[in-house]
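Understanding the architecture of this molecule
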Amino acid sequence: MKRYQDEAQDCDDGPELNIDLLGIVRRRFHLITLGILVGATCATIYFVKQKPIYESQLAVLVGQLSSEMASTGVRGTSDGAVTMQDEILSTHIELFGSPKVLQQAIERAKLDRSVGELRAGLSISKGGKGAGASASILRATYRDGDPEVASKVLQAIFDSYQLYIDGQSHDVGAEAVELIAKAQVQNEIALQKADQEYRDFVASVPALLNVSGSGVGNLEDIHRTRLKSIENELANVRTALASARSRRLVIADAVKGKSADELTDAEVMSLLTEEDIARLETLVSIAKERTRGDNDLDIARIVANTSSTSKVNRLMELLSQRQVMRATYGAGHPSVVALDTEIASIQNFTLQEEAEPTKGKETEFNIPPAEILATYYTVLKSDINEFVRRESELLALSEQESKLAKEVELSFLKGTALKANLDRAQARYDEVFKRLQELNLTNDYSGFSTDLLVMPMPASLPVWPSKSKIAIMGVMGGIMLGFGLAMLAELADRTFRNPEDVESLVGAPILAHLPMLHESRLQKQAIEGSGISPLIAAFHVPRATDTETFRFVRTSILFLAKKQSKQVFLMTSPSPSDGKSTTIANLAVSMAQAGKRVLLVDADLRRPVVSQTFGIERSPGLSDYLNRVVCFSECLHECEQINLTLCPAGSRTSAPSELLESDSFAEFIAEARQSFDLIFIDSPPLLAVTDPAIITLHVDSCLLTVRIEKNNRTLVERAAEILRDQRVPIDGVIVNSRNSRRRGYGYSSYNYHGKREYGYVDGYRRYYESDEEDSLPTSKRSHKRINGESAKLNGRGASNRLISGKR
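Residues numbered from 1 in each chain as written. Predicted model: local features only at pLDDT ≥ 70, side-chain atom pairs only at ≥ 80, totals over all residues. Heavy atoms only, no water.

1. A few points about the overall build of the protein
When its secondary structure is counted, the protein shows 29 helices and 16 strands. Across the 807 residues that make up the protein, the buried fraction comes to 41%. Within the protein, contacts between residues at least 6 apart in sequence are counted, and of these 79% link residues at least 24 apart. For the protein, the exposed surface amounts to about 44800 Å²; the carbon and sulfur share of it is 53%. (Helix = DSSP H or I, 4+ residues; strand = E, 2+ residues; numbered from the N terminus. Buried < 20%, exposed > 50% of the residue type's maximum accessible area, 1.4 Å probe, protein only. Contact = heavy atoms within 4.5 Å. Areas by Shrake-Rupley, 256 points an atom, 1.4 Å probe, with all protein chains shown as cover.)

2. A closer look at the sheet that holds strand β15 (residues 701–707)
Pairing within the open sheet is mixed, and its 8 strands lie in the order β9-β16-β15-β10-β14-β11-β13-β12. Each having just a single partner strand, β9 (510–514) and β12 (637–638) make up the two edges of the open sheet. Of the strand pairs in this sheet, strand β10 (residues 568–572) and β15 are connected by 4 bridges, and their pairing is parallel. Bridging across to β15, F569 finds its partner in S701. Across the sheet, helix α19 (residues 545–563) is in contact with β9, β10, β14 (678–682), β15 and β16 (730–736); its angle to β9 comes to roughly 165°. (Pairing = 2+ DSSP bridges. Axes fitted to C-alpha atoms, helices over the stretch in contact; angles between N-to-C directions.)

3. Focus: helix α9 (residues 222–255)
An ideal rise of 1.5 Å per residue puts 50 Å on 34 residues; α9 measures up with 50 Å between its terminal C-alpha atoms. The complete set of buried residues in α9 reads I222, H223, L227, I230, E233, L234, V237, L241, A244, R247, R248 and I251. Looking one or two residues beyond α9, the residue adopting positive phi is G257, at roughly 80°. (Expected span 1.5 Å × (residues − 1).)

4. What about the pattern of salt bridges?
Enumeration according to the criterion identifies 15 salt bridges in this entry. A salt bridge links R113 to D144; the shortest N-O distance between them is 3.0 Å. Placement of the pair is R113 in the loop between α6 (99–109) and α7 (115–121) and D144 in strand β5 (residues 137–144), with a sequence separation of 31 residues. A relative accessible area of 11% means that D144 is categorised as buried. (Salt bridge = Lys/Arg side-chain N within 4 Å of Asp/Glu carboxyl O.)

5. Points about the pairing of β5
Along β5, 6 of the 8 residues are buried, which leaves the element largely enclosed by surrounding structure. Pairing of strand β1 (residues 54–64) with β5, which is carried by 8 bridges, proceeds in the antiparallel orientation. Bridge assignment links V60 to a residue of β5, and that residue is L138. As paired elements, strand β4 (residues 122–126) and β5 share 5 bridges and run antiparallel to each other. In the strand pairing of β5, K126 is matched with L138.

6. Brief notes about the packing of aromatic side chains
In total, this model carries 7 aromatic pairs according to the counting rule given. Ring plane angle 80° and centroid distance 6.3 Å describe the contact between Y625 and F632, whose orientation is recorded as edge-to-face. Judged by relative accessible area, F632 falls into the buried class, the value being 5%. (Phe/Tyr/Trp six-rings, centres within 6.5 Å; stacked < 30°, edge-to-face > 60°.)

7. Structural notes on a nonpolar patch on the surface
Together, L34, V38, L481, L485, L488 and L491 make up a nonpolar patch on the protein surface, roughly 530 Å² of accessible area in all. Broken down by secondary-structure element, the contributors of at least two residues to the nonpolar patch are α3 (29–49) and α15 (467–492). When residues in the nonpolar patch are grouped by element, the largest group, 4 residues, is from α15. Note that L488 resides in helix α15. (Patch = residues over 30% accessible without salt bridge, like charges linked within 9 Å, V, L, I, M, F, W, Y side chains within 5 Å.)

8. Here's the deal with the confidence of the model for the protein
Mean pLDDT over the protein works out to 75, with 70% of the residues at or above the 70 mark. Element-level pLDDT for the protein is lowest in helix α29 (residues 780–804), with a mean of 34, against a maximum mean of 95 in strand β11 (residues 598–602). Scored below 50 in pLDDT, residues 1–17 makes 16 contacts in the model with residues more than four places away or belonging to other chains. Ignoring residues within four places in sequence, the model shows residues 740–746, a span with pLDDT below 50, making 11 contacts including any to other chains. (pLDDT = per-residue confidence, 0-100.)

9. With respect to the packing of helix α16 (residues 499–506) against helix α26 (residues 713–725)
What describes two packed helices is the angle between their axes and the distance between those same axes. The interhelical angle for the contact between α16 and α26, taken along N-to-C directions, is 35°, at an axis separation of 9 Å. Mapping the contact onto sequence places D501, L505 and V506 in α16 and R713, V716, E717, A720 and R724 in α26. Per-class residue counts for the contact of α16 with α26 are 4 nonpolar, no polar and 4 charged. (Nonpolar A, V, L, I, M, F, W, Y, C, P; charged D, E, K, R; others polar.)

10. A word on the nonpolar core
In this structure, L599, L622, F668 and I681 are the most contacted members of the largest nonpolar core, which totals 46 residues. Those residues in contact with L599 that lie beyond four places of it in its chain are L636, T645, L646, C647, F668, A672, F676, L678, I679 and F680. Formed by 36 residues, the second largest nonpolar core is a distinct cluster that contains V553, A561, V610 and I616. (Core = buried A, V, L, I, M, F, W, Y, C linked by side-chain atoms within 4.5 Å.)

11. Thoughts on the side chain of R554
Tracing the backbone shows R554 in helix α19. Although R554 lies buried, it forms no salt bridge, and the closest oppositely charged side chain, E548, sits 7.3 Å away as judged by the N-O distance. The residues contacting R554, other than those within four sequence positions of it, are L587, S590, M591, Q593 and A594. (Lys, Arg positive; Asp, Glu negative; His and termini not counted.)

12. Some remarks on the packing of α3 against α15
Orientation of α3 relative to α15, taken along the N-to-C sense of each, is 145°, at an axis distance of 7 Å. Between α3 and α15 lies a crossing whose hand is right-handed. Contacts between α3 and α15 involve L31, I32, G35, I36, V38, G39, A40, A43, Y46 and F47 on the former and, on the latter, K467, I470, G474, G478, I479, L481, G482, F483, L485, A486 and A489. Across the contact of α3 with α15, the residue classes break down as 15 nonpolar, 5 polar and 1 charged. (Left-handed = near helix turned anticlockwise from the far one by under 90°.)

13. Considerations on the environment of L517
Residue placement: L517 occurs in the loop between β9 and α17 (519–525). The sequence separation of L517 and P534 amounts to 17 residues, and the corresponding C-alpha distance is 9.4 Å. When sequence neighbours within four positions are dropped, the list of residues in contact with L517 reads L522, L535, D546, F550, T582 and N586.

14. Things to note about the sheet that holds β5
Across the sheet, which stays open at both edges, the 4 strands sit in the order β4-β5-β1-β8 with antiparallel pairing between neighbours. The outermost strands of the open sheet, each flanked by one partner alone, are β4 and β8 (448–454). Ignoring which end each strand starts from, the neighbouring axes of this sheet average 25° apart. As judged from the 6 bridges shared by β1 and β8, these two strands associate in the antiparallel manner. Within β8, the position partnered with A59 by the bridge is V454. The strands touched by helix α5 (residues 84–96) within the sheet are β1, β4, β5 and β8, with β4 carrying the most contacts at an inclination of about 175°.

15. Details of unusual backbone geometry
Each neighbour pair has its own omega, and for W464 with P465 the value is 5°, a cis peptide bond. Its place among the elements puts P465 in the loop between β8 and α15. The step from S619 to P620 runs through a cis peptide bond, and the omega angle for that step is 0°. Residue position: P620 is located in the loop between α21 (610–614) and α22 (622–626). Despite not being glycine, R727 has its phi angle at roughly 60°, a positive value.

Rendered as structure tokens:
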């Protein structure tokens, strides 16, 4: 048997809504059909009572007379691109249904309708159909009970709408031109004022420069520009200074600990870079011209020549800056004047050096490596002094320009604001001027065209009530009603819908679904002359299809008995007529056919059926053994089935529960365990009496028989709770069905749980009440004698079987 419960637990990851729509439709088809019939009936009544309504239609082509305005493309907005034509058409839709137009239509056509009535019957939309969905067409419909009135009202509304459009379009162009012309004059005055303010401000602040030179360009702070140039030069000077100092340290480390004679040309060349060598070549050329041998004087002249070269480079740089600043600021600007002064001082210094006479003649000389290195070391010292001096000068200039730039900062901000104001004024002026030109060009074509494409005509057929629409609404409403009733019935239904429900509720797997055994059909197949009931199909037709299920259950029980060492099995049910006695009888026969020594005990001392089923005497039996009337072997009976021994209920008793609670029943079970392989006990229903709960204390396993067509969830749940309270394991559920040909074995049947949740216990108890006349017989001795003879005969046969192991 497939373990539905295990699969359900494995798949249950959390709470979820599981609705079986097909199952609901199958189970509640009659309710859904009822809902559809109710919906169809209501739709029919509604259709009959409805008054016919007629509809008149018109279509208007709305266009812009100005060709330039009509072709204005797409305007970008924050929400997307919206064409101007769509906005115009939306405006005309609102205008067509406005109270003013409707009121004028009522007055002109003398309609006997109010504005509210017209607005309620009027429907307006835009666009065409199919490929023309984006067409500039206004569509309007009006509905009324009279087709003539509908067309008349719609024509009157259109006439009023057209008159309003024509009347408003004549003066719109002229008014727009006049307003824009006034705005043009005001914007021109504002533009001139802003431009003059900006120019006056720029002229009043020499430190601010208009980079375009036309008075409308961007402003630039001169001091900020010069400060940037000074900082760049200062960075270059500091780089050169650091390089010179580094070169001196390298030379000092190289000659440390060496004499002048130890220095070679190769060592000197390794300490010099290409730039250093070029400078030494300059020094050598200068040395050729000297006329005296004074080394100190030669070094001074070399230094002077190097300084002169630096002055020339500085002069070329200043000349280039002056050319740029003259083109930018003009010749009279203070910064340009300062540059002119610095350039003049450098030029005077250069002229003085050139005026000195050249002395000496070119002679041959040979300079030792140590002297070359010493000379270059002295030159580097001179460069360092020059760089330090220039650094001091640039720092002073940078500080000065920084102060001046901070002083001009507020003026710069003000100038920027004035420039922004000028730009805005210019933009407004240009936009207004452009619009004015457009209006002047389109003044003769202003307004809208409203061409009537579809004229309103009286309708020949009503648009409402519509048979198809009302029928669809009725059917849909009926389906919704039917499903609602079905869902309510599902919520109120306490029956089982599938095997998983049974397994989940009981907590045990379903061992088999037993088909209904028809006694009339089995009577024909029964063994002639047999005293066993035809319902014991496992005995009469052991190879029939109906008995195959019992063999399947037998296999499951044998597996439990072998794997878990279980020997005593109790079979019970929630309520009477669940088929437990027939099921356990067939199961016992099937077990005996498998070669097992089986004992079938009828522990239903109130309504016993085992003796009747197998055609044996009721006594002596279990009650007689419990009353100490007979011994164990005397209460056992043989039957026609080999390996099967029966223990009937025995004599009637008025205290069955007390007998089952006695120590005698425990002794009975103990003796049965020693004599038989398997013991099956048939007990009363769980919800009727307490007998099954007492028996569970002495069994190894319990099998629950359920006829789901008559037991709802509440009954089965309470039966399972009773067994769980007694701590007896439920190893399987056997489901009995009403009709083997029905699909689903009776799950989700409609009327099988007819009992209420409360009130069934009293009925069960009345059914199982002991008859007082039976509990107190008048001839007790005769009964004992007869039972004693039977017990003696049966006991002799049972004792022989127990000793020999044969029947």
